[in-house]
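Examining the three-dimensional arrangement
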Amino acid sequence: MHTPTLLPVSIIGGGPAGCACALWLHRLGIKVHLYEAAGHPGGLQARSPYENLWLPGVQGRTGQAVARALQAHLDSEAVPYSLRQPVRRIDPTPEGFRLHFTDKPPHLSRFVVLATGSVPRRGPFQPGDTVIIGPGDPMEAAPVTGRRIAVLGGGDNAYDQARFLCQRGAAKVVIFSRSPPRGQALLRAQIPQVPVRIGPYHADQTSLTVDDEPFDLFAVMYGFEAVLPQGLTPDLENGYIRVDRFGETSLRNLFACGEVTDYWHPCVATASAHGIQVAKQISLRP
Ligand SMILES: Cc1cc2nc3c(=O)[nH]c(=O)nc-3n(C[C@H](O)[C@H](O)[C@H](O)COP(=O)(O)OP(=O)(O)OC[C@H]3O[C@@H](n4cnc5c(N)ncnc54)[C@H](O)[C@@H]3O)c2cc1C
(Lines give C-alpha, C1' and ligand atoms only; values in the text may rest on other atoms or scores of the structure.)
Protein backbone atom coordinates (compact mmCIF):
# COMPACT_ATOMS: atom_id res chain seq x y z
CA MET A 1 0.00 0.00 0.00
CA HIS A 2 1.21 3.51 -0.81
CA THR A 3 2.10 5.51 2.33
CA PRO A 4 2.26 9.21 1.50
CA THR A 5 5.17 11.22 2.87
CA LEU A 6 4.30 14.26 4.94
CA LEU A 7 4.80 17.47 2.98
CA PRO A 8 5.09 20.61 5.14
CA VAL A 9 2.83 22.97 3.13
CA SER A 10 0.43 22.43 0.23
CA ILE A 11 -1.17 25.40 -1.47
CA ILE A 12 -4.34 24.85 -3.46
CA GLY A 13 -4.88 27.41 -6.20
CA GLY A 14 -2.35 29.35 -8.26
CA GLY A 15 -3.99 32.78 -8.52
CA PRO A 16 -2.23 35.86 -7.14
CA ALA A 17 -2.89 34.76 -3.52
CA GLY A 18 -1.54 31.21 -3.95
CA CYS A 19 1.45 32.31 -6.05
CA ALA A 20 2.46 35.00 -3.54
CA CYS A 21 2.11 32.54 -0.65
CA ALA A 22 4.14 29.87 -2.46
CA LEU A 23 6.88 32.31 -3.45
CA TRP A 24 7.29 33.65 0.06
CA LEU A 25 7.25 30.24 1.75
CA HIS A 26 9.82 28.97 -0.74
CA ARG A 27 12.05 32.00 -0.20
CA LEU A 28 11.65 31.59 3.57
CA GLY A 29 13.14 28.11 3.17
CA ILE A 30 9.97 26.11 3.80
CA LYS A 31 9.13 23.16 1.60
CA VAL A 32 5.98 23.92 -0.31
CA HIS A 33 4.04 22.64 -3.31
CA LEU A 34 1.34 24.55 -5.19
CA TYR A 35 -1.46 22.73 -7.03
CA GLU A 36 -3.37 24.54 -9.78
CA ALA A 37 -6.40 23.13 -11.56
CA ALA A 38 -5.94 25.15 -14.76
CA GLY A 39 -3.17 24.82 -17.32
CA HIS A 40 -1.51 28.05 -16.13
CA PRO A 41 -1.16 30.07 -12.93
CA GLY A 42 -2.78 33.50 -12.58
CA GLY A 43 -6.35 32.67 -11.55
CA LEU A 44 -8.90 35.31 -12.56
CA GLN A 45 -6.12 37.46 -14.02
CA ALA A 46 -5.68 34.84 -16.71
CA ARG A 47 -9.19 35.54 -17.99
CA SER A 48 -8.68 39.32 -18.13
CA PRO A 49 -7.62 40.77 -21.49
CA TYR A 50 -8.08 44.25 -19.97
CA GLU A 51 -5.27 46.51 -18.90
CA ASN A 52 -4.71 46.22 -15.16
CA LEU A 53 -4.80 49.85 -14.08
CA TRP A 54 -5.18 49.05 -10.40
CA LEU A 55 -1.99 47.25 -9.49
CA PRO A 56 0.66 49.68 -8.25
CA GLY A 57 3.81 49.56 -10.34
CA VAL A 58 2.19 47.61 -13.17
CA GLN A 59 1.22 50.02 -15.90
CA GLY A 60 0.28 49.06 -19.42
CA ARG A 61 -0.04 45.32 -18.74
CA THR A 62 -3.19 43.27 -19.15
CA GLY A 63 -4.41 40.85 -16.50
CA GLN A 64 -3.20 38.04 -18.75
CA ALA A 65 0.27 39.59 -18.81
CA VAL A 66 0.18 39.78 -15.00
CA ALA A 67 -0.72 36.06 -14.95
CA ARG A 68 2.26 35.26 -17.20
CA ALA A 69 4.54 37.38 -14.99
CA LEU A 70 3.41 35.37 -11.95
CA GLN A 71 4.35 32.12 -13.68
CA ALA A 72 7.72 33.56 -14.79
CA HIS A 73 8.42 34.55 -11.19
CA LEU A 74 7.61 31.07 -9.85
CA ASP A 75 9.81 29.55 -12.55
CA SER A 76 12.76 31.85 -11.96
CA GLU A 77 12.74 31.02 -8.23
CA ALA A 78 12.13 27.30 -8.92
CA VAL A 79 9.03 27.24 -6.72
CA PRO A 80 7.53 23.73 -7.02
CA TYR A 81 4.08 23.70 -8.62
CA SER A 82 1.82 21.41 -10.64
CA LEU A 83 -0.61 22.55 -13.32
CA ARG A 84 -3.81 20.73 -14.42
CA GLN A 85 -3.81 19.20 -10.94
CA PRO A 86 -7.14 19.95 -9.26
CA VAL A 87 -7.32 18.88 -5.65
CA ARG A 88 -10.53 16.86 -5.55
CA ARG A 89 -10.94 16.45 -1.82
CA ILE A 90 -9.14 17.15 1.46
CA ASP A 91 -9.59 14.97 4.51
CA PRO A 92 -8.32 15.78 8.00
CA THR A 93 -6.05 13.10 9.50
CA PRO A 94 -4.20 12.93 12.84
CA GLU A 95 -0.91 13.97 11.10
CA GLY A 96 -2.36 16.75 8.98
CA PHE A 97 -4.43 16.78 5.80
CA ARG A 98 -4.77 14.20 3.06
CA LEU A 99 -5.10 15.72 -0.42
CA HIS A 100 -6.82 13.64 -3.10
CA PHE A 101 -6.20 13.99 -6.83
CA THR A 102 -7.82 12.44 -9.89
CA ASP A 103 -4.89 10.54 -11.33
CA LYS A 104 -2.19 10.28 -8.69
CA PRO A 105 -1.85 9.01 -5.13
CA PRO A 106 -2.90 11.26 -2.23
CA HIS A 107 -0.49 13.60 -0.46
CA LEU A 108 -0.25 14.23 3.24
CA SER A 109 0.42 17.77 4.28
CA ARG A 110 0.93 19.34 7.68
CA PHE A 111 -0.38 22.75 6.60
CA VAL A 112 -2.84 23.44 3.80
CA VAL A 113 -3.46 26.87 2.31
CA LEU A 114 -6.74 27.28 0.43
CA ALA A 115 -6.23 29.89 -2.28
CA THR A 116 -9.02 28.62 -4.52
CA GLY A 117 -10.49 32.06 -5.24
CA SER A 118 -13.92 32.62 -6.69
CA VAL A 119 -15.85 32.00 -9.90
CA PRO A 120 -18.61 33.98 -11.62
CA ARG A 121 -22.10 33.06 -10.40
CA ARG A 122 -24.18 31.50 -13.14
CA GLY A 123 -27.63 31.59 -11.52
CA PRO A 124 -30.01 29.25 -13.38
CA PHE A 125 -28.13 29.62 -16.70
CA GLN A 126 -25.89 27.22 -18.60
CA PRO A 127 -22.92 28.83 -20.37
CA GLY A 128 -22.97 28.54 -24.17
CA ASP A 129 -22.75 30.49 -27.41
CA THR A 130 -25.68 32.73 -26.47
CA VAL A 131 -25.18 32.85 -22.70
CA ILE A 132 -21.91 34.20 -21.34
CA ILE A 133 -21.20 33.93 -17.62
CA GLY A 134 -19.02 36.61 -16.02
CA PRO A 135 -16.62 39.23 -17.36
CA GLY A 136 -13.33 38.78 -19.19
CA ASP A 137 -12.23 36.44 -21.95
CA PRO A 138 -15.56 34.68 -22.64
CA MET A 139 -17.31 38.03 -23.14
CA GLU A 140 -14.56 39.34 -25.38
CA ALA A 141 -14.68 36.20 -27.53
CA ALA A 142 -18.44 36.53 -28.16
CA PRO A 143 -19.48 38.21 -31.44
CA VAL A 144 -21.53 41.27 -30.40
CA THR A 145 -21.50 43.70 -33.31
CA GLY A 146 -25.05 44.46 -34.44
CA ARG A 147 -26.56 42.15 -31.80
CA ARG A 148 -29.15 42.74 -29.08
CA ILE A 149 -27.70 42.00 -25.66
CA ALA A 150 -29.36 41.66 -22.26
CA VAL A 151 -26.92 42.32 -19.42
CA LEU A 152 -28.30 40.58 -16.32
CA GLY A 153 -27.10 42.06 -13.02
CA GLY A 154 -26.66 45.50 -11.54
CA GLY A 155 -23.11 45.62 -10.14
CA ASP A 156 -19.87 47.14 -11.42
CA ASN A 157 -19.26 44.30 -13.87
CA ALA A 158 -22.70 44.73 -15.44
CA TYR A 159 -22.03 48.41 -16.09
CA ASP A 160 -18.46 47.82 -17.26
CA GLN A 161 -19.57 45.13 -19.69
CA ALA A 162 -22.49 47.24 -20.97
CA ARG A 163 -19.99 49.99 -21.79
CA PHE A 164 -17.64 47.56 -23.57
CA LEU A 165 -20.58 46.16 -25.55
CA CYS A 166 -21.59 49.64 -26.73
CA GLN A 167 -17.98 50.36 -27.72
CA ARG A 168 -17.85 47.07 -29.63
CA GLY A 169 -20.89 48.02 -31.73
CA ALA A 170 -23.76 46.09 -30.14
CA ALA A 171 -27.06 47.17 -31.72
CA LYS A 172 -28.92 47.22 -28.41
CA VAL A 173 -27.82 46.82 -24.79
CA VAL A 174 -30.25 46.68 -21.88
CA ILE A 175 -29.30 46.16 -18.21
CA PHE A 176 -31.72 44.16 -16.06
CA SER A 177 -31.24 44.56 -12.33
CA ARG A 178 -33.62 42.94 -9.84
CA SER A 179 -32.78 45.47 -7.14
CA PRO A 180 -31.53 49.08 -7.29
CA PRO A 181 -28.18 48.90 -9.16
CA ARG A 182 -25.04 48.71 -7.01
CA GLY A 183 -22.66 49.72 -9.82
CA GLN A 184 -20.49 52.73 -8.93
CA ALA A 185 -21.97 56.09 -9.94
CA LEU A 186 -18.85 56.75 -12.04
CA LEU A 187 -19.50 53.65 -14.17
CA ARG A 188 -23.22 54.36 -14.44
CA ALA A 189 -22.57 57.90 -15.65
CA GLN A 190 -20.46 56.56 -18.55
CA ILE A 191 -23.41 54.91 -20.31
CA PRO A 192 -26.41 57.24 -20.01
CA GLN A 193 -27.81 55.85 -23.28
CA VAL A 194 -28.19 52.29 -21.90
CA PRO A 195 -31.67 51.58 -20.46
CA VAL A 196 -31.69 50.02 -17.00
CA ARG A 197 -34.81 48.01 -16.06
CA ILE A 198 -35.05 47.67 -12.30
CA GLY A 199 -37.22 45.02 -10.65
CA PRO A 200 -38.03 41.32 -11.02
CA TYR A 201 -37.66 39.89 -14.54
CA HIS A 202 -38.05 36.54 -16.25
CA ALA A 203 -35.06 35.62 -18.41
CA ASP A 204 -35.62 32.48 -20.52
CA GLN A 205 -32.44 30.91 -21.88
CA THR A 206 -34.29 28.71 -24.40
CA SER A 207 -36.22 31.48 -26.17
CA LEU A 208 -33.53 34.11 -25.34
CA THR A 209 -36.16 36.50 -24.08
CA VAL A 210 -36.38 38.70 -21.02
CA ASP A 211 -40.00 39.36 -20.14
CA ASP A 212 -40.87 38.29 -23.70
CA GLU A 213 -38.44 40.82 -25.24
CA PRO A 214 -36.11 39.00 -27.69
CA PHE A 215 -32.30 39.22 -27.47
CA ASP A 216 -29.38 37.57 -29.27
CA LEU A 217 -27.15 37.16 -26.22
CA PHE A 218 -27.37 37.10 -22.43
CA ALA A 219 -24.42 38.50 -20.48
CA VAL A 220 -24.85 37.14 -16.96
CA MET A 221 -23.08 39.39 -14.43
CA TYR A 222 -24.28 37.98 -11.13
CA GLY A 223 -21.07 38.55 -9.19
CA PHE A 224 -18.76 35.85 -7.85
CA GLU A 225 -18.87 33.00 -5.34
CA ALA A 226 -16.12 31.31 -3.36
CA VAL A 227 -14.69 27.98 -4.55
CA LEU A 228 -14.93 25.85 -1.42
CA PRO A 229 -13.02 22.63 -0.74
CA GLN A 230 -14.66 19.21 -0.72
CA GLY A 231 -14.23 17.22 2.46
CA LEU A 232 -13.48 20.01 4.94
CA THR A 233 -15.99 22.33 6.58
CA PRO A 234 -14.24 25.45 7.86
CA ASP A 235 -16.54 28.17 9.21
CA LEU A 236 -17.94 30.48 6.55
CA GLU A 237 -19.06 34.09 6.52
CA ASN A 238 -21.49 35.10 3.75
CA GLY A 239 -20.39 32.04 1.78
CA TYR A 240 -16.66 32.82 2.08
CA ILE A 241 -14.12 31.13 4.37
CA ARG A 242 -13.77 32.97 7.64
CA VAL A 243 -10.17 33.50 8.69
CA ASP A 244 -8.54 35.21 11.65
CA ARG A 245 -6.04 38.01 11.18
CA PHE A 246 -3.29 35.46 10.55
CA GLY A 247 -5.27 33.83 7.75
CA GLU A 248 -6.04 30.68 9.76
CA THR A 249 -9.49 29.12 9.38
CA SER A 250 -11.57 27.62 12.17
CA LEU A 251 -9.63 24.36 11.58
CA ARG A 252 -6.12 24.41 13.01
CA ASN A 253 -3.30 24.41 10.42
CA LEU A 254 -5.79 25.06 7.63
CA PHE A 255 -5.14 28.53 6.22
CA ALA A 256 -6.92 30.45 3.47
CA CYS A 257 -6.07 33.60 1.56
CA GLY A 258 -7.37 35.82 -1.22
CA GLU A 259 -10.84 35.84 -2.70
CA VAL A 260 -11.98 32.54 -1.19
CA THR A 261 -11.97 34.28 2.21
CA ASP A 262 -14.06 37.01 3.79
CA TYR A 263 -11.14 39.41 3.23
CA TRP A 264 -12.30 42.84 2.19
CA HIS A 265 -11.77 44.64 -1.14
CA PRO A 266 -10.51 41.77 -3.26
CA CYS A 267 -8.04 42.63 -6.02
CA VAL A 268 -4.60 41.40 -7.09
CA ALA A 269 -2.75 43.49 -4.52
CA THR A 270 -4.90 42.44 -1.54
CA ALA A 271 -4.97 38.77 -2.61
CA SER A 272 -1.16 38.76 -2.93
CA ALA A 273 -0.73 40.56 0.40
CA HIS A 274 -3.02 38.04 2.08
CA GLY A 275 -0.98 35.16 0.64
CA ILE A 276 2.19 36.75 1.98
CA GLN A 277 0.70 37.20 5.47
CA VAL A 278 -0.26 33.53 5.53
CA ALA A 279 3.23 32.49 4.39
CA LYS A 280 4.85 34.55 7.14
CA GLN A 281 2.47 33.15 9.73
CA ILE A 282 3.14 29.54 8.73
CA SER A 283 6.89 30.24 8.83
CA LEU A 284 6.53 31.25 12.49
CA ARG A 285 4.85 27.98 13.48
CA PRO A 286 7.20 25.61 15.32
C1 LIG B 1 -12.20 40.10 -15.85
C2 LIG B 1 -11.50 40.44 -14.57
C3 LIG B 1 -10.66 41.54 -14.54
C4 LIG B 1 -10.00 41.89 -13.36
N5 LIG B 1 -9.19 42.99 -13.35
C6 LIG B 1 -8.50 43.31 -12.24
C7 LIG B 1 -7.59 44.41 -12.26
O8 LIG B 1 -7.43 45.10 -13.26
N9 LIG B 1 -6.88 44.68 -11.10
C10 LIG B 1 -7.03 43.92 -9.97
O11 LIG B 1 -6.35 44.19 -8.98
N12 LIG B 1 -7.91 42.88 -9.93
C13 LIG B 1 -8.64 42.56 -11.03
N14 LIG B 1 -9.49 41.50 -11.01
C15 LIG B 1 -9.65 40.74 -9.76
C16 LIG B 1 -8.45 39.82 -9.51
O17 LIG B 1 -8.17 39.07 -10.67
C18 LIG B 1 -8.77 38.92 -8.32
O19 LIG B 1 -9.04 39.73 -7.19
C20 LIG B 1 -7.61 37.98 -7.99
O21 LIG B 1 -7.27 37.19 -9.12
C22 LIG B 1 -7.97 37.06 -6.82
O23 LIG B 1 -6.87 36.21 -6.59
P24 LIG B 1 -7.00 34.82 -5.82
O25 LIG B 1 -5.66 34.19 -5.92
O26 LIG B 1 -7.59 35.02 -4.48
O27 LIG B 1 -8.07 33.94 -6.63
P28 LIG B 1 -8.17 33.52 -8.15
O29 LIG B 1 -7.55 34.51 -9.03
O30 LIG B 1 -9.62 33.21 -8.36
O31 LIG B 1 -7.32 32.17 -8.26
C32 LIG B 1 -7.77 30.96 -7.68
C33 LIG B 1 -7.12 29.79 -8.39
O34 LIG B 1 -7.42 28.58 -7.70
C35 LIG B 1 -7.59 27.54 -8.65
N36 LIG B 1 -8.37 26.47 -8.04
C37 LIG B 1 -9.67 26.51 -7.61
N38 LIG B 1 -10.03 25.32 -7.10
C39 LIG B 1 -8.95 24.50 -7.19
C40 LIG B 1 -8.70 23.14 -6.81
N41 LIG B 1 -9.63 22.37 -6.23
N42 LIG B 1 -7.47 22.62 -7.06
C43 LIG B 1 -6.49 23.37 -7.65
N44 LIG B 1 -6.69 24.67 -8.03
C45 LIG B 1 -7.89 25.22 -7.79
C46 LIG B 1 -8.31 28.24 -9.81
O47 LIG B 1 -8.14 27.50 -11.02
C48 LIG B 1 -7.60 29.59 -9.84
O49 LIG B 1 -6.48 29.59 -10.70
C50 LIG B 1 -10.17 41.12 -12.17
C51 LIG B 1 -11.02 40.00 -12.20
C52 LIG B 1 -11.68 39.67 -13.39
C53 LIG B 1 -12.58 38.46 -13.42
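About the cut-offs
Residues numbered from 1 in each chain as written. Predicted model: local features only at pLDDT ≥ 70, side-chain atom pairs only at ≥ 80, totals over all residues. Pairing = 2+ DSSP bridges. Helix = DSSP H or I, 4+ residues; strand = E, 2+ residues; numbered from the N terminus. Domains from an automatic or database assignment. Contact = placed C-beta atoms within 7 Å. Nonpolar A, V, L, I, M, F, W, Y, C, P; charged D, E, K, R; others polar. Buried ≥ 20, exposed ≤ 12 C-beta atoms within 10 Å, placed from the backbone. Expected span 1.5 Å × (residues − 1). Near = placed C-beta within 6 Å. Axes fitted to C-alpha atoms, helices over the stretch in contact; angles between N-to-C directions.

All right, on to the sheet that holds strand β13 (residues 209-210) then. Overall, antiparallel pairing links the three strands, which are arranged β12-β13-β14 in an open sheet. The strands lining the two open edges of the sheet, one partner per strand, are β12 (203-204) and β14 (213-214). With two bridges connecting them, β13 and β14 associate as antiparallel partners. Bridge assignment links T209 to a residue of β14, and that residue is P214.

We note that the domain assignment places domain 1 (6-120 + 224-283) and domain 2 (131-220) within the chain. Between the C-alpha centres of domain 1 and domain 2 the distance comes to 32 Å. With four residues of domain 1 at the contact, the number on the domain 2 side is five residues. Considered class by class, the residues forming the side of domain 1 that touches domain 2 number two nonpolar, one polar and one charged.

Here R188 is to be found in helix α5 (residues 185-189). Residue R188 is classed as partly exposed on the basis of its 19 C-beta neighbours within 10 Å. Sequence-distant contacts of R188, defined by excluding residues within four places in its chain, comprise Y159, P181 and G183.

On to helix α4 (residues 156-167), then. With twelve residues, α4 extends 17 Å from end C-alpha to end C-alpha; this agrees with the ideal 16 Å at 1.5 Å per step. Regarding α4, the residues found buried are N157, A158, Y159, D160, Q161, A162 and L165. Here the buried face of α4 lies against α3 (137-141), β9 (148-152), β10 (172-177), α5 and β15 (217-220). Phi turns positive, to about 90 degrees, at G169, one or two residues after α4.

Below, the discussion takes up the site of the ligand. In the vicinity of the ligand, 37 residues are found, and the nearest of them are G13, G15, G43, G117 and G258. For the shell around the ligand, the secondary-structure elements that each account for two or more residues are α1 (16-27) and α6 (268-284).

With that settled, the discussion passes to the sheet that holds β15. Strand order in this open sheet of five strands is β8-β15-β9-β10-β11, and the pairing throughout is parallel. With one partner strand each, in any of the chains shown, β8 (131-133) and β11 (196-198) form the two edges of the open sheet. Between one strand axis and the next, the sheet turns through 20 degrees on average, direction left out of account. In the sheet, β8 pairs with β15 via three bridges, with the strands oriented parallel. Across the sheet, residue V131 finds its bridge partner in β15, namely F218. In the packing of α4 onto the sheet, the strands contacted are β9, β10 and β15, and the crossing angle to β10 comes to about 170 degrees.

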